[in-house]
Amino acid sequence: MIPVIYFQHHILMFLIAAPMALLIGSYMKRFNRHLCTHDGSLREFNLMDLEFPSNVKDIPNIIRGIYKLKAEDQCDSVIKALRKHLYIDYLFMPAIYGAIFLLCMYAAHKLAAFPVEQGFFASLAWLQLLAWVLDIYENGQLLGYIRPDIGYEIPAGKHRFFVIIVWAKWVIALAGLTCALMMMLYFWLTGQFGV
């Protein structure tokens, strides 16, 4: 039996966590406009380009391209923006995964009469902790790559593991959010939304 935690103020806690996640997320987006690299030509990039590299050379090419920027102050600006984005992401993580956890636990609590469904939502809630850990690992890896001496490519096994971690994090978070929001809609349409 997967534990279901009952919070007296599920929705209120969610209404604190979700706006915090949105506020921190919008602040992080400010740093995206500073991100550019020179890998063949000058181009902009965002964190998704680092999270979902198409091959083992993508991340090293982007990072090396930052250090190839002609103006030294532009290189410093991009490195600072990228690091700030990744460090602020550590504040974003508890807010977003906490919000999804609360929604899933609320659904699990409301489905007490249906043990299978309750177990499903409780599982989705607890899996948000795993997604959070995977996100921490991902950020640690990306912060470790931000250095001028990054090799020509990341070893294939390490690259594969990184890609699996990123995909697992996104699948867990999106599955929890989507399923919980659909249940919230169901509870609202059937008039069961209250505590």
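Quick note: structure is the one above.
Residues numbered from 1 in each chain as written. Predicted model: local features only at pLDDT ≥ 70, side-chain atom pairs only at ≥ 80, totals over all residues. Heavy atoms only, no water.

1. Some details on helix H3 (residues 58-67)
This is how the line gets drawn: Burial status follows relative accessibility: with a 1.4 Å probe on protein chains alone, a residue under 20% of its type maximum counts as buried, one over 50% as exposed, and anything between as partly exposed. Runs of E in the DSSP output that reach at least two residues are strands. Runs of H or I that reach at least four are helices, and both are numbered from the N terminus. Any two residues whose heavy atoms approach within 4.5 Å are treated as being in contact.
Among the 10 residues that make up H3, seven are buried, leaving the element largely enclosed by the rest of the structure. Regarding H3, the residues found buried are Ile59, Pro60, Ile62, Ile63, Arg64, Gly65 and Ile66. The inward-facing, buried residues of H3 abut strand S1 (36-38), strand S2 (42-44), helix H2 (47-51), helix H4 (72-110), helix H5 (115-145) and helix H6 (156-189).

2. Digging into the layout of surface pockets
Where we set the bar: We place a 1 Å grid over just the protein atoms. Points where a 1.4 Å probe fits but has no way out form a cavity, open points with protein on both sides within 12 Å along at least 5 of 7 lines form a pocket, and any residue with an atom within 4 Å of a point lines it. Grid points are joined across faces, edges and corners, and a volume is the space filled by probe spheres set on the points. Each residue is assigned to one class: nonpolar for Ala, Val, Leu, Ile, Met, Phe, Trp, Tyr, Cys and Pro, charged for Asp, Glu, Lys and Arg, and polar for all the others, Gly among them.
Approximately 770 Å³ is the volume attributed to the largest pocket. Within the residue set of the lining of the largest pocket, elements represented by two or more residues are helix H1 (10-32), H2, H4 and H6. Looking at the lining of the largest pocket residue by residue, the classes come out as 18 nonpolar, five polar and five charged.

3. Details of the nonpolar core
What counts here: Side-chain atoms within 4.5 Å are what join buried Ala, Val, Leu, Ile, Met, Phe, Trp, Tyr and Cys residues into a set we call a nonpolar core.
The biggest cluster of nonpolar side chains holds 31 residues, and the ones touching the most others in it are Phe45, Leu50, Ile59, Ile66 and Leu82. Listing elements by their share of this core, those giving two or more residues are H1, H2, H3, H4, H5 and H6. Setting aside residues no more than four positions away along its own chain, Phe45 makes contact with Asn32, Leu35, Cys36, Thr37, Leu50, Ile62, Ile66, Val78 and Leu82. If you look at the next biggest cluster of nonpolar residues, it comprises 29 residues, including Phe14, Met93, Leu134 and Phe187.

4. A closer look at the pattern of salt bridges
Worth spelling out the cut-off: Criterion for a salt bridge: a side-chain nitrogen of Lys or Arg within 4 Å of a carboxyl oxygen of Asp or Glu.
Taken as a whole, this structure holds five salt bridges when the rule is applied. When the shortest N-O distance is used, the salt bridge between Arg43 and Asp39 registers 3.2 Å. A salt bridge links Glu51 to Lys169; its shortest N-O distance comes to 3.5 Å. Of the two residues, Glu51 is situated in helix H2 and Lys169 in helix H6; the sequence distance between them amounts to 118 residues. Since its relative accessible area comes to 5%, Glu51 is described here as buried. Taken together, the salt bridges that share partners define one network made up of Glu51, Asp135, Glu138 and Lys169.

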